[in-house]
Amino acid sequence: GAGVSQTPSNKVTEKGKYVELRCDPISGHTALYWYRQSLGQGPEFLIYFQGTGAADDSGLPNDRFFAVRPEGSVSTLKIQRTERGDSAVYLCASSLIPDLGANVLTFGAGSRLTVL
Amino acid sequence: AQSVTQPDIHITVSEGASLELRCNYSYGATPYLFWYVQSPGQGLQLLLKYFSGDTLVQGIKGFEAEFKRSQSSFNLRKPSVHWSDAAEYFCACTTSGTYKYIFGTGTRLKVLA
């Protein structure tokens, strides 16, 4: 597509529930990233995919968070047993095969998650 | 530790006035620097980037930024602010050999008519 698409744009859930957030990157972009933006903060890195594999998941806060990209395009961020502290905007970004000297990310509009 | 600092949480300027948003970075290697803008309900839009070469870079919407290695700064400027520039601005840093961006905490710009 023309841009990075994220769904849903807003998600309200109850503590303890399971949530999935979807990201559809720019066509042809092989690198995909998830960031989390808490209120009043800048985005923080969660995970990076190169193709189908998670090349770096060091930013995932704990084992309740998991992400997949089975066909190297669309990615899903999965959060189990949600907690109120998970409330944030989850941003997805994509880029061409990263030339590590010139990696420019294009971000989606984000999925705002609210855990009651 | 690598970090990006935006000292001003909020800035208010009058329409037509000049603007400077501050960004300082702490990075062990040669940094690649970015400014993004985020309007309510919108994603982060890239304003400009610095990789190498001329330290004064031009971006979209009339913005420019200057890389000053001696001061570890990458301040964003605009000579005349428009009401539509009201948004939150984020400075970010990465370096060759990594794909992680480190973001500052943002500066929220308010423009008075």
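This write-up is about the structure you can find in this document.

Conventions and cut-offs
- Residues numbered from 1 in each chain as written.
- Chains lettered and ligands numbered in written order.
- Predicted model: local features only at pLDDT ≥ 70, side-chain atom pairs only at ≥ 80, totals over all residues.
- Heavy atoms only, no water.
- Helix = DSSP H or I, 4+ residues; strand = E, 2+ residues; numbered from the N terminus.
- Contact = heavy atoms within 4.5 Å.
- Buried < 20%, exposed > 50% of the residue type's maximum accessible area, 1.4 Å probe, protein only.
- Pairing = 2+ DSSP bridges.
- Axes fitted to C-alpha atoms, helices over the stretch in contact; angles between N-to-C directions.
- Buried area = accessible area lost by both parts, 1.4 Å probe.
- Salt bridge = Lys/Arg side-chain N within 4 Å of Asp/Glu carboxyl O.
- Polar contact = N/O pair within 3.5 Å; in protein donor to acceptor, adjacent residues only side chain to side chain.
- Phe/Tyr/Trp six-rings, centres within 6.5 Å; stacked < 30°, edge-to-face > 60°.

### Overview of the side chain of B:Asp85
Then comes step 1: Summarising the element assignment, B:Asp85 is placed in the loop between strand 9 (73–78) and strand 10 (87–95).
Then comes step 2: Leave out the neighbours within four places in its chain, and B:Asp85 touches B:Phe63, B:Lys78, B:Leu109 and B:Val111.

### Regarding the side chain of A:Asp86
All names here are of chain A.
Then comes step 1: Note that Asp 86 resides in the loop between strand 8 (75–79) and strand 9 (88–95).
Then comes step 2: Look at Asp 86 and you get buried, because its relative accessible area is 3%.
Then comes step 3: With residues up to four places along the chain from it excluded, the contact list for Asp 86 reads Arg 36, Arg 64, Phe 65, Ile 79, Leu 113 and Val 115.

### Regarding the sheet that holds strand 3 (residues 19–24) of chain A
Residues and elements named next belong to chain A.
Then comes step 1: The 4 strands are arranged 1-3-8-7 in an open sheet whose pairing can be described as antiparallel. Pairing within the sheet leaves two strands with one partner each, and these edge strands are strand 1 (5–7) and strand 7 (65–68). Adjacent strand axes in the sheet meet at a mean angle of 15°, parallel and antiparallel pairs treated alike.
Then comes step 2: Strand direction decides the pairing type here: strand 7 and strand 8, joined by 4 bridges, are antiparallel. The residue bridging Phe 65 from the neighbouring strand is Ile 79, located in strand 8.

### Describing the interface of chain A and chain B
Then comes step 1: Counting residues at the interface gives 22 residues for chain A and 22 residues for chain B.
Then comes step 2: Both sides of the chain A and chain B interface together cover about 1700 Å² of buried area, and 59% of this is carbon and sulfur.
Then comes step 3: Across the chain A-chain B interface, the total number found is 1 salt bridge.
Then comes step 4: The tally of links between chain A and chain B comes to 6 residue pairs in polar contact (both at pLDDT 80 or more).
Then comes step 5: Of all elements in the fold, only strand 4 (31–37), strand 5 (44–50) and strand 6 (53–56) of chain A reach the threshold of two or more residues within the side of chain A that touches chain B.
Then comes step 6: It is strand 4 of chain A that provides the largest number of residues to the side of chain A that touches chain B, a total of 3 residues.

### Thoughts on the packing of aromatic side chains
All names here are of chain A.
Then comes step 1: Evaluation of the coordinates by the stated rule reveals 17 aromatic pairs over all chains.
Then comes step 2: Measuring from ring centre to ring centre gives 5.1 Å for Tyr 33 and Tyr 48, while their planes differ by 25°; the resulting arrangement is stacked. Of this pair, Tyr 33 sits in strand 4 while Tyr 48 sits in strand 5, and the two are 15 residues apart along the sequence. Comparing Tyr 33 with Tyr 48 shows no difference in burial state: the two are buried.

### A word on the pattern of salt bridges
Then comes step 1: Within the structure shown, the criterion is met by 8 salt bridges over all chains.
Then comes step 2: Between A:Glu83 and A:Arg64 there is a salt bridge; the shortest N-O distance is 3.6 Å. Taken as a pair, A:Glu83 in the loop between strand 8 and strand 9 and A:Arg64 in the loop between strand 6 and strand 7 lie far apart in primary sequence, 19 residues in all.
Then comes step 3: On the basis of relative accessibility, which here comes to 7%, the residue A:Arg64 falls in the buried class.
Then comes step 4: Salt-bridge contacts for B:Glu88 lead to B:Arg108; the nearest nitrogen and oxygen are separated by 2.9 Å. Residue B:Glu88 is found in strand 10, and its partner B:Arg108 is found in strand 12 (residues 107–112); the two are separated by 20 residues along the sequence.
Then comes step 5: For B:Glu88, a relative accessible area of 12% translates into the label buried.
Then comes step 6: Residue classification places B:Arg108 among the partly exposed residues on the basis of a relative accessible area of 40%.

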